[in-house]
Amino acid sequence: MRKEENVTAPWYANETALPSSDGGEHFQAITLFQKFLYSWAKGAIGYNWYDLRNDGYDATYGEHNFGLVTRDFYPKCAYAAYNTLASLYTKATFLSQMDFGADIDAFAFRAANGDLLIPAWNLNRAQENSMIILLGVTGKASVIDLYGNEAPLGVENDAVAYKIGRNPATLRLQGQEKLPANGGNFFTVAAHHPVMTGKGNCKEYLERQKDFFILPGQDNSLAFVFRNPTAHDITADIELAMPPNINCQQLKQSVVIPTNSQKSMTFKLTASKDFGSSGISAPIIANASFGSLWKGELTVTANPVVMLPASGNHPQFMLNDRMQYVKLVAEAPELQHLTWSGPEDLSANIWLELTKDDFILRAVVVDDVHVQPYPDDKLWQGDSIQFALCFGDTPYYEFGLARNQDGSANTAVYSAPPNRRPKLKLTTVRDEATHTTTYVCTISRADLKLTPQRAQDGFLFNLIVNDNDGDTREGYLEIAPGIGREKSARYFQLIKERK
Ligand SMILES: [Ca+2]
Ligand SMILES: [Ca+2]
C-alpha cells in the first residue's frame, strides 16, 4: 500500500489494540503478539498498544477492557503475552519473512543473546494446524508459547518437526547460525472423494469441493498423507477421536514411510442420519506421531451436507450464538448500545425446502425492534435478510428480503449469473408481541435454472440477518462468512437434494 501510494513517511502504528470484551482475554493476547511482530517485520518504526490499564469494571463494555492489566492492576492474558514479547524480542534484529504456506505468518529474528527466533501462526480457519519440518537444524530446539512456557523439541538427523497452529508461538533455536531449510508439510489431510460434484466457473465453488464433507446415513472415507523428507525411515501412527454421530470401525493405524517418500492412511467413517441436520460442522481429531520427531494432533473439520427434503421439522440453520455475530459499529463509549445483547436482540431459525417447481426459504427472526425504511437497493441497511445461492456460476445469486414499515414486502436481486433475473415471491408477518418477523420467499427452480441434476450434485447456500434497531445497521448474524464483508462462496454451506 505504501509503495502504491508513494508514501515515504515512516509507518508508526500508534494507537492500535483490541478490547478483551471482543472475543475474550486470550484472543486479545493473540492479537497483541501478532500485531506487534507483524508491524515490526513489515517495517513499522514503532508500535503503541492502547492501553496499559482497563478504564473501568464493566466486562461487556469495550472501552473498559483495552488494558493489559485490569482496573485494579491484576495482569490479564495480554500482559503475559507482553512479557513474552519483552523477554524474547528486546533488542532482537529482524532477519526475514519465512514462507511456510499461503495462510501462515512466520518471521525470523536474531535475539540479543544470539538465539534464532521464529514466531509463527496460522490464519486459515479451515486448516487449523500446519505440520512443518525444518531441515539443517544444528542447534538446540524448543517452542515457547504465547505466555512464555517453553517446551523442548527433539532434533533428529538435523530435523525438527513443528506444529504451527492458530495460537501463535515462537520456535527457539540455540546455537543456530544459518536459517534452517523448510522441508514442507509432513502431515496433511489427503484430497477427498468429492461429495459435491457439479462443474462450474466459480473458483470458490470448485475449491469448496475439495473440503471434507460427511454424507449423513452413508459411508464416508477420510485419508491422511505423511511425507518424509529426512534421510531415515520413519514410522507414523494415527488414532482418531470421533465426534458424536460419526463412527469409525478401525480407529488406529500405523505405517512405515521410507526416506524421501510419502504414504497415506485411509479411515472408513459412517455418519448417522442426524449428522449435520442443523448445518453445524464437527471436529475429527487425529492423534498422531511421526517417529520420535513429533507427537500431536491434527483436527479435520467434518462439514455437514444439508440433505433435502429434510427428515424432520428441525430448522436447517440456527443463528443465535455470539460466534455467529459480526459487529459493524466501532468500539467507542457512545456506541455501546449498538452491541448485540443476545438472542432477544437478534436470532433466527432458517428452513429450506425444494419442491418439484420451487426453492422455498422460511426464516423466523426474533428482533426486539423492527426498523425498515430503506428502498430496494439499500434494504440491507435496515432489518433484512441477505442470502446467496451458488450453482457453480460467476457471479452467483445474492438476494435481499425485507418487510417495510407499512407491512409491505420488498426484495432485491444484488447479483445473478448473466442473463438471469429470477422473480422473488415474498410474504412477511411481524408479531410485535413476540418480536418475531417471519419471511417466506419462493423462487421458481426454472427461473434459477436449478435442475434436478444440479440439486443432486450439490449447491452452495449462505444467509445473513441484518439488525437495525433505529440508529444504524449495527451488525448481522451469519451462517458462514462471505456475504456481509467480502463476497465469496468459499465457506458457503452445501445443500443436496436426495435422489
Ligand atoms: Ca435488535
Ligand atoms: Ca432490528
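Predicted model, so just to flag it, every value in this text is computed and none were measured.

**Student:** Honestly, the domain arrangement of the protein chain in this entry has me stumped. Any pointers?
**Tutor:** Buried accessible area, meaning the area lost when the parts come together, often serves as the stated size of an interface. Taken domain by domain, the protein chain comprises domain 1 (12-89), domain 2 (93-187), domain 3 (190-306) and domain 4 (317-497). On a C-alpha basis, the centroid separation for the pair domain 3 and domain 4 is 32 Å. The interface of domain 3 with domain 4 comprises 18 residues on the first partner and 20 residues on the second. Element by element, the count of residues in the side of domain 3 that touches domain 4 is highest for helix 3 (residues 203-208), at four residues. Residue composition of the side of domain 3 that touches domain 4, grouped by class: seven nonpolar, seven polar and four charged.

**Student:** Quick question: what am I supposed to make of helix 1 (residues 25-41) here?
**Tutor:** Every α-helical turn comprises 3.6 residues, leaving residues that sit three or four positions apart pointing alike. Spanning 17 residues, helix 1 covers 25 Å between terminal C-alpha atoms, matching the ideal 24 Å at 1.5 Å per step. Within helix 1, burial applies to Q28, A29, I30, T31, L32, F33, F36, L37 and W40. Structurally, helix 1 contributes buried residues whose contacts are with strand 2 (46-49), helix 2 (77-89), strand 3 (93-97), strand 4 (104-110) and strand 5 (116-122). Looking one or two residues beyond helix 1, the residue adopting positive phi is G43, at roughly 100°.

**Student:** Would you explain the sheet that holds strand 6 (residues 130-135) in this entry?
**Tutor:** Within a sheet, neighbouring strands are paired by backbone hydrogen bonds and run either parallel or antiparallel to one another. Read from one edge of the open sheet, six strands run 9-6-11-13-17-15, paired in antiparallel fashion. Sheet topology places strand 9 (159-164) and strand 15 (246-248) at the edges, where each strand pairs with a single neighbour. Each strand axis lies, on average, 30° off the axis of its neighbour in the sheet, ignoring direction. Where strand 15 meets strand 17 (residues 261-271), three bridges bridge the pair, whose relative direction is antiparallel. Bridge pairing links I246 to A271 in strand 17.

**Student:** Is there a simple way to explain the pairing of strand 13 (residues 219-228) in this structure?
**Tutor:** Consecutive side chains along a regular strand alternate between the two faces of the sheet. Bridge analysis of strand 11 (residues 181-189) against strand 13 gives three bridges, and the strand direction is antiparallel. Bridge assignment links T188 to a residue of strand 13, and that residue is V225. Pairing geometry for strand 13 and strand 17, over ten bridges, is antiparallel. Counterpart to D219 in the pairing with strand 17 is T270.

**Student:** Help me understand the nonpolar core in this model?
**Tutor:** Most often, soluble globular proteins have nonpolar side chains that are buried together. F33, A161, F290, L389, C390 and V465 are the most contacted members of the largest nonpolar core, which totals 119 residues. Looking at this core element by element, the count peaks at seven residues for helix 1. With sequence-adjacent residues up to four places away left out, C390 is seen in contact with C202, Y205, Y396, F459, L460, A489 and F492.

**Student:** Just to check I follow, could you spell out the sheet that holds strand 7 (residues 140-145) for this structure?
**Tutor:** Spatial strand order, 3-4-5-10-7-8: six strands in an open sheet with antiparallel pairing. Two strands lie at the open edges of the sheet, namely strand 3 and strand 8 (150-153), each paired on one side alone. The average angle at which neighbouring strand axes cross in this sheet is 25°, direction not considered. Alignment of strand 7 against strand 10 (residues 169-174), held across six bridges, turns out to be antiparallel. Across the sheet, the residue bridging to I144 is T170, located in strand 10.

**Student:** Can you walk me through the packing of helix 1 against helix 2 in this structure?
**Tutor:** Two measures define how a pair of helices packs: the angle their axes make with one another and the distance between the axes. The interhelical angle for the contact between helix 1 and helix 2, taken along N-to-C directions, is 30°, at an axis separation of 7 Å. Viewed along their axes, helix 1 and helix 2 adopt a mutual orientation that is roughly parallel. Along this stretch, helix 1 crosses helix 2, giving a crossing that reads as right-handed. Two secondary-structure elements touch here, helix 1 through E25, H26, Q28, A29, L32, F33 and F36 and helix 2 through C77, A78, A80, A81, Y82 and L85.

**Student:** In this structure, what is going on with the pairing of strand 25 (residues 397-403)? I would like to understand it.
**Tutor:** Among the seven residues that make up strand 25, seven are buried, leaving the element largely enclosed by the rest of the structure. Neither face of strand 25 is exposed, since Y397, F399, L401 and R403 on one face and E398, G400 and A402 on the opposite face are all buried. Sheet analysis places strand 24 (residues 384-390) next to strand 25, joined by six bridges and oriented antiparallel. Residue S384 lies in a different strand from strand 25, and its bridge partner there is A402. Hairpin connection between strand 24 and strand 25: a loop of six residues separates the two successive antiparallel strands, and G392 in this loop has a positive phi of roughly 105°. Taken together, strand 25 and the strand that follows it, strand 26 (residues 409-415), pair antiparallel across an intervening segment of five residues, in which G407 is found at a positive phi of about 95°.

What counts, and at which threshold
Residues numbered from 1 in each chain as written. Chains lettered and ligands numbered in written order. Predicted model: local features only at pLDDT ≥ 70, side-chain atom pairs only at ≥ 80, totals over all residues. Domains from an automatic or database assignment. Contact = placed C-beta atoms within 7 Å. Helix = DSSP H or I, 4+ residues; strand = E, 2+ residues; numbered from the N terminus. Nonpolar A, V, L, I, M, F, W, Y, C, P; charged D, E, K, R; others polar. Expected span 1.5 Å × (residues − 1). Buried ≥ 20, exposed ≤ 12 C-beta atoms within 10 Å, placed from the backbone. Pairing = 2+ DSSP bridges. Axes fitted to C-alpha atoms, helices over the stretch in contact; angles between N-to-C directions. Core = buried A, V, L, I, M, F, W, Y, C linked by C-beta atoms within 7 Å. Parallel < 35°, antiparallel > 145°, perpendicular 65-115°, else oblique. Left-handed = near helix turned anticlockwise from the far one by under 90°.

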